[in-house]
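Report on the structure
Next come the chains, spelled out residue by residue.
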Amino acid sequence: QVQLVESGGGLVQAGGSLRLSCAASGSIFSINRMGWYRQAPGRQRELVALITSDGSTNYADSVKGRFTISRDSAKSTVYLQMNMLEPDDTAVYYCYANRYGHNYWGQGTQVTVSS
């Protein structure tokens, strides 16, 4: 089992920045990718950014150039630096990990961007 705990959400004005953190614990050996998804009210959960065990990254088109995903392997932590935030970025952000084909999710952290 893998446990994921997010932190760093909050309320910010449009154009501002936030950094989300996700700490993994438990059976973290062989986690092959981690990342972030988000879900806004009335919308499906969508991919924001992923990072693989070899450091490759993937971003949703809507956040390219504004968000950056990174990791600290020693701390088993993944970060999402969010800059130039827009009201459409308002959502619950969920940390995600995949290990041996199993998906794990954090409890979610709210990000609200005011206009």
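Our structure is the block above this text.
The notes below deal with the structure included here. Bear in mind that the values here come from a model prediction, so they are computed numbers and not experimental data. Sequence order as written defines residue numbering, which begins from 1 separately in each chain. Local features in this predicted model are restricted to residues whose pLDDT is 70 or higher, and side-chain atom pairs enter the listing and the counts only when it is 80 or higher, whereas totals over whole chains, interfaces and linings include all residues. By convention in this description, side-chain values take in all heavy atoms of the structure and omit both hydrogens and water.

1. Section: the nonpolar core
Note the threshold: Definition used in this section: a nonpolar core is a set of buried Ala, Val, Leu, Ile, Met, Phe, Trp, Tyr and Cys residues joined via side-chain atoms within 4.5 Å. Classification of residues uses two cut-offs on accessible area relative to the type maximum, computed with a 1.4 Å probe and protein chains only: under 20% is buried, over 50% is exposed, and between them is partly exposed. Segments assigned H or I by DSSP are reported as helices when at least four residues long, segments assigned E as strands when at least two residues long, and all are numbered from the N terminus.
Ranked by internal contacts, the top residues of the largest apolar core, which has 30 residues, are Leu4, Met34, Trp36, Leu80, Met82 and Tyr93. For this core, the secondary structure elements donating two or more residues are β1 (2-7), β3 (18-26), β4 (31-39), β5 (46-52), β7 (67-72), β8 (77-82), β9 (91-99) and β11 (109-114).

2. Thoughts on the state of the cysteines
Using the following cut-off: Put simply, a disulfide is two cysteine sulfurs that come within 2.5 Å.
Applying the stated criterion to the full structure yields one disulfide. Paired by a disulfide, Cys22 and Cys95 hold their sulfur atoms 2.0 Å apart. Disulfide Cys22-Cys95: torsion about the S-S bond near -85 degrees, hence left-handed. On the criterion of sequence distance, the pair formed by Cys22 in strand β3 and Cys95 in strand β9 is long-range, its members being 73 residues apart. Both residues of the pair, Cys22 and Cys95, count as buried.

3. So, the environment of Ser27
Secondary-structure assignment places Ser27 in the loop between β3 and β4. Overall, the relative accessible area of 30% leaves Ser27 in the partly exposed class.

4. Considerations on unusual backbone geometry
Unlike most non-glycine residues, Met84 shows phi in positive territory, near 50 degrees. Relative to the elements of secondary structure, Met84 occurs in the loop between β8 and β9. Given the relative accessible area of 47%, Met84 is considered partly exposed. With a phi angle near 55 degrees, Tyr100 is a residue other than glycine that sits in the positive phi range. What makes Tyr100 exposed here is its relative accessible area of 53%.

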